[in-house]
Amino acid sequence: MYCYQCEETAKGCGCTTMGVCGKDTETAGLQDVLIYLAKGIAVRNCAAMEKGTGNGKAGKFIAEVLFATLTNVNFDKERFHAYIREAISIRDALPPAGEIEPDACTWTPADDAAIAAKAGEVGVLATANEDVRSLRELLVYGLKGVGAYYYHADALGYEDDEITAFIQRALASTLQDLTLDEMVGIILECGGVGVRVLALLDTANTATFGAPQITMVRTAPGTRPGILVTGHDLKDLHDLLEQTKGLGVDIYTHGEMLPAHAYPAFKKYGHLIGNYGGSWPFQKEEFEAFNGPVLVTTNCLVPPKESYKDRIYTTGPVGFEGVAHIPEAADGTKDFSAMIRHAQGCQPPKNLHGRARPSWVSLFGEKGGDGNRDLITGCAHGAVLAIAGTVIDAVKAGAIRRFVVMAGCDGRQGERSYYTEFAQALPKDTVILTAGCAKYRYNSLDLGDIDGIPRLLDAGQCNDCYSLVVIAQALAEAFGVGINDLPVSYNIAWYEQKAVLVLLALLHLGVKNITLGPRLPAFVSPGVLNVLVENFGIRKNTTVAEDLHLMVPGN
Ligand code: SF4
Ligand code: SF3
């Protein structure tokens, strides 16, 4: 096993025995083999598509398996064996890509032992040259992000053949001997496809559930049994809300599901009563205290403790051995009835905390605050651009000196308190733009407001970084300047591969001088880091004082 795809990789270098995330050697090997086979499908299908034939559904399958191998999604060996069997059958149904094909197009395992043996040959270290390996893996991780976001958009019926065609072309390219420049070119192209898939998902979510509204979300638990929904899949939440109507069960969001409260379609469900807990690293304590079932729709799943394992239900690409899985039926529906019956027999959630209500809630008055709600979300492009005039006036008058984009992921390590301290240390004339689960490091702070504009604007999930881009582009247009001339700094926290894709999307848009932390990716070799530093000014975060001085001139 050699895995270095996430920020928490062992010793900042690579997981070689047991993943810090809980992924074991066998599962890591199955994932490596699955990615290898996905490359084989890609080579054959790209050749077939050039001839106007090809399997139109192969791209969707590849998107799903890329998602399944993303950090903290699927730990279930049997599910990976099933994916491997399906991959071979899809690949073998395609015509050969030529007389001489890469091994990934033809290798077929005789048994499980052959799969385990192959894993030793096709993993990350199969590429000897450090820079080539770094660029290939950077591309594959970006593609995992594309695959994950595409999966959600597709679940809502939004497809884009150009995106799936790119995924396959790019995957196939990792089996070719390309120059470093050619590889960098494809990686930047992946950033462009990243913008495209984020836009597709934004359209899918807003067309299906309405445009998010700035919303205050309650965090105090109710008195009825509940189901906690975590992950990013809004369709799963919607279907569960429909199936739990009038059954005496409350639904709560957790982690990345918090922004669901901002969508008009979800506001109509009275039993979607609030958000429970914070971001994924704290789930062991929070799931334990919740007392009821937890539906995990996507990353990030932490291997569950025995004490609550029987209350975890996975769905979609998520999986864990010994945990109940809710499959999708042929007609696209999911039957949550067993989990709902389970919930009806559970105790209500324990109260985790009594978060203080920020003082500026009253500014939203009838729009959202009802005295019980205490986390802001829904500051997506539609809602923020609706008050663009006020924001622009505040910038012109000097009331807002700077925006700091603090989007991205949360993680387990104590050093992530840097982000809480940074948010607290920001001067009162700055506004934080956020998206993703990184916000839980500071979204319960009372950061106040500037002329009625909250100093923390949460656009939503990590995919809603798209909103931050739209807002930045609108500001650039309003001020008649380039995106890098705006009073905007970037202090991004990353953990998994969706964040890698978001970063590539920002680079594609020409955003420079991004600060990244809390550690730089282990998969970025010194040579590749030089390219990122020289061309994009990427730097690692340091101390709060030093970074503040750099990101907010005058401090
Ligand atoms: Fe290690 Fe991260 Fe890979 Fe898990 S996903 S095995 S923690 S590098
Ligand atoms: Fe979080 Fe896993 Fe990345 Fe969607 S839920 S941002 S870490």
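Keep in mind that this is a model prediction, so the values were computed, not measured. (Residues numbered from 1 in each chain as written. Chains lettered and ligands numbered in written order. Predicted model: local features only at pLDDT ≥ 70, side-chain atom pairs only at ≥ 80, totals over all residues. Heavy atoms only, no water.)

1. Brief notes about the site of ligand 2
Move 1: In the vicinity of ligand 2, the contacting residues are His232, Glu256, Trp280, Asn299, Cys300, Gly408, Cys409, Cys437, Cys462, Tyr495 and Glu496.
Move 2: Considering only residue class, the shell around ligand 2 consists of 6 nonpolar, 3 polar and 2 charged.
Move 3: Counting only domains with at least three residues in the shell around ligand 2, you end up with domain 2 (215-345) and domain 3 (379-551). (Near = heavy atom within 4 Å. Nonpolar A, V, L, I, M, F, W, Y, C, P; charged D, E, K, R; others polar. Domains from an automatic or database assignment.)

2. Looking at the side chain of Asp154
Move 1: For Asp154, the location among the structural elements is in helix α6 (residues 130-155).
Move 2: A polar contact of 3.1 Å, which involves the side chain of Asp154, links it to the side chain of Lys60.
Move 3: In contact with Asp154, other than residues within four places in its own chain, are Lys60 and Glu159. (Helix = DSSP H or I, 4+ residues; strand = E, 2+ residues; numbered from the N terminus. Polar contact = N/O pair within 3.5 Å; in protein donor to acceptor, adjacent residues only side chain to side chain. Contact = heavy atoms within 4.5 Å.)

3. Considering the sheet that holds strand β2 (residues 226-230)
Move 1: Spatial strand order, β4-β3-β2-β5-β6-β7: 6 strands in an open sheet with parallel pairing. A single partner strand is all that each edge strand has here, and the edge strands are β4 (272-275) and β7 (324-326). With strand direction ignored, the average angle separating the axes of adjacent strands in the sheet is 30°.
Move 2: For β2 and strand β5 (residues 294-296), the ladder comprises 3 bridges, and the chain directions are parallel. Counterpart to Leu228 in the pairing with β5 is Val294.
Move 3: Sitting on the sheet, helix α9 (residues 234-243) touches β2, β3 (250-253), β4, β5 and β6 (312-315), and the angle it makes with β3 is about 165°. (Pairing = 2+ DSSP bridges. Axes fitted to C-alpha atoms, helices over the stretch in contact; angles between N-to-C directions.)

4. Points about the domain arrangement of the protein chain
Reports of interface size often rely on the accessible area that becomes lost once the parts have come together.
Move 1: Looking at the protein chain, the domain boundaries give domain 1 (10-208), domain 2 (215-345) and domain 3 (379-551).
Move 2: Each of domain 1 and domain 2 has a C-alpha centre, and the two are 28 Å apart.
Move 3: With 23 residues of domain 1 at the interface, the matching set in domain 2 holds 19 residues.
Move 4: For the pair domain 1 and domain 2, the interface holds 1 salt bridge.
Move 5: For Lys77, the salt bridge goes to Glu321, with nearest N and O atoms at 3.5 Å.
Move 6: When contributions to the side of domain 1 that touches domain 2 are tallied by element, the ones reaching two or more residues are α2 (58-68), α3 (77-92), α6 and α8 (180-209).
Move 7: For the side of domain 1 that touches domain 2, the leading source of residues is α3, giving 4 residues.
Move 8: In terms of residue class, the side of domain 1 that touches domain 2 is made up of 10 nonpolar, 8 polar and 5 charged. (Salt bridge = Lys/Arg side-chain N within 4 Å of Asp/Glu carboxyl O.)

5. Digging into the UniProt feature "binding site: hybrid [4Fe-2O-2S] cluster" (unreviewed entry) in the protein chain
Move 1: Feature annotation in UniProt assigns "binding site: hybrid [4Fe-2O-2S] cluster" (unreviewed entry) to the following positions: His232, Glu256, Cys300, Cys409, Cys437, Cys462, Glu496 and Lys498. In sequence the annotated residues extend across 267 residues, while in space they remain close, none of their C-alpha pairs exceeding 14.0 Å.
Move 2: Along the polypeptide, Glu256 turns up in the loop between β3 and α10 (264-267).
Move 3: Of the residues examined, Glu256 reaches a relative accessible area of 7% and is grouped as buried.
Move 4: Setting aside anything within four residues of it in sequence, one finds Glu256 in contact with Gly231, His232, Gly436, Cys437, Lys439, Gly460, Gln461 and Cys462.
Move 5: Within the structure, the side chain of Glu256 is placed 3.1 Å from the side chain of His232, a separation counted as a polar contact.
Move 6: With respect to the helices, strands and loops of the structure, Lys498 is situated in helix α19 (residues 497-508).
Move 7: Apart from residues lying up to four places away in sequence, Lys498 is in contact with Phe67, Leu70, Gly145, Ala148, Tyr149, His152, His232, Thr298, Asn299 and Cys462. (UniProt positions renumbered as here; feature names shortened; annotations may be inferred. Buried < 20%, exposed > 50% of the residue type's maximum accessible area, 1.4 Å probe, protein only.)

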